[in-house]
Amino acid sequence: MRDVEEFDAFYASSAQRVLGQVYAMLGSRPEAEDAVAEAYARAWSRWATVRECDSPEAWVRKVAYRVAVSAWRKAVNRVRAHRREATGQEVEAVSVDHVVLVDALRHIPTEQRRAIVLHHLVGLSVAEIAAETRANPNTVKTRLARGRQGLARYLTGDGHQTTAGRSHGA
């Protein structure tokens, strides 16, 4: 119990200060918040060692900065890998129908959209969708039916999206 109380007191007395310092180093409050939270979690899991440091606060600050840099490097590496993979590949032209369909899909609720995509674009059966989404097959059927009705409100026979009866040409 002493460890919990000691760590809680350390956290309460230093967290805002460390967050402000890491925020100043990174320039992004959300990234600083994530990194500082991770650093305090690591400090708690190693509290017996961290408490013996000359400055536990400095330990947390250093770990938070390293966590943020690591996250940044991973993001950069993902972008680089994506660019390497995509370089030299031909990309099929996107048809007007595809753009209209994707736009219409954005207008229906998430679970209906998921069911429509899994069924009509991926080709899964109702049972397979039910298993993947952990939903009752009847729920999947309802989502498909309502999703189709929702799409019908946004699509006309010629494939153009409509809003309040006005057609928006491609």
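Check the entry above for the structure.
So, here is what we can say about the structure in this document. Remember, it's a predicted structure, so these values are computed and weren't measured experimentally.

Conventions used here
- Residues numbered from 1 in each chain as written.
- Predicted model: local features only at pLDDT ≥ 70, side-chain atom pairs only at ≥ 80, totals over all residues.
- Heavy atoms only, no water.
- Helix = DSSP H or I, 4+ residues; strand = E, 2+ residues; numbered from the N terminus.
- Expected span 1.5 Å × (residues − 1).
- Bend = angle between axes of the 7 residues up to and from the residue.
- Buried < 20%, exposed > 50% of the residue type's maximum accessible area, 1.4 Å probe, protein only.
- Contact = heavy atoms within 4.5 Å.
- Phe/Tyr/Trp six-rings, centres within 6.5 Å; stacked < 30°, edge-to-face > 60°.
- Core = buried A, V, L, I, M, F, W, Y, C linked by side-chain atoms within 4.5 Å.
- Axes fitted to C-alpha atoms, helices over the stretch in contact; angles between N-to-C directions.
- Parallel < 35°, antiparallel > 145°, perpendicular 65-115°, else oblique.
- Left-handed = near helix turned anticlockwise from the far one by under 90°.
- Nonpolar A, V, L, I, M, F, W, Y, C, P; charged D, E, K, R; others polar.

### Re helix 1 (residues 2–26)
Phase 1 of the analysis: Here helix 1 is 25 residues long and its end C-alpha atoms lie 34 Å apart, about the 36 Å a rise of 1.5 Å per residue gives.
Phase 2 of the analysis: Maximum bend of helix 1: about 45 degrees, positioned at Ser 14.
Phase 3 of the analysis: Those residues of helix 1 that sit buried are Phe 7, Phe 10, Ser 14, Ala 15, Val 18, Leu 19 and Val 22.
Phase 4 of the analysis: Here the buried face of helix 1 lies against helix 2 (29–45), helix 3 (47–50) and helix 4 (56–86).
Phase 5 of the analysis: Of the residues flanking the end of helix 1, it is Gly 27, one or two places downstream, whose phi is positive at about 80 degrees.

### Concerning the packing of aromatic side chains
Phase 1 of the analysis: Using the criterion set out here, one finds seven aromatic pairs in the structure.
Phase 2 of the analysis: Among the aromatic residues, those joined into a ring-pair cluster are Phe 7, Phe 10, Tyr 11, Tyr 40, Trp 44 and Trp 47.

### Some words on the nonpolar core
It is characteristic of soluble globular proteins that their nonpolar side chains tend to be buried jointly.
Phase 1 of the analysis: Ranked by size, the top nonpolar core spans 20 residues in total, and within it Val 36, Tyr 40 and Val 60 carry the most contacts.
Phase 2 of the analysis: Counting only elements with at least two residues in this core, the list comes to helix 1, helix 2, helix 3 and helix 4.
Phase 3 of the analysis: In this structure Tyr 40 touches Phe 7, Phe 10, Tyr 11, Ser 14, Ala 15, Val 18 and Val 60, once residues within four positions along its chain are discounted.
Phase 4 of the analysis: Core analysis: the next-biggest nonpolar cluster, separate from the first, contains 13 residues, Leu 105, Ile 108, Leu 118 and Val 140 among them.

### Observations concerning the packing of helix 2 against helix 4
Phase 1 of the analysis: Here helix 2 crosses helix 4 at 125 degrees, and the two axes come no closer than 8 Å. Looking at the two axes, helix 2 sits oblique to helix 4. The two elements helix 2 and helix 4 cross, and the hand of that crossing is right-handed. In this structure, helix 2 uses Ala 35, Val 36, Glu 38, Ala 39, Tyr 40, Arg 42 and Ala 43 to contact helix 4, whose residues at the interface are Trp 59, Val 60, Val 63, Ala 64, Val 67 and Ala 68.
Phase 2 of the analysis: Of the residues in the contact of helix 2 with helix 4, the class split is eleven nonpolar, no polar and two charged.

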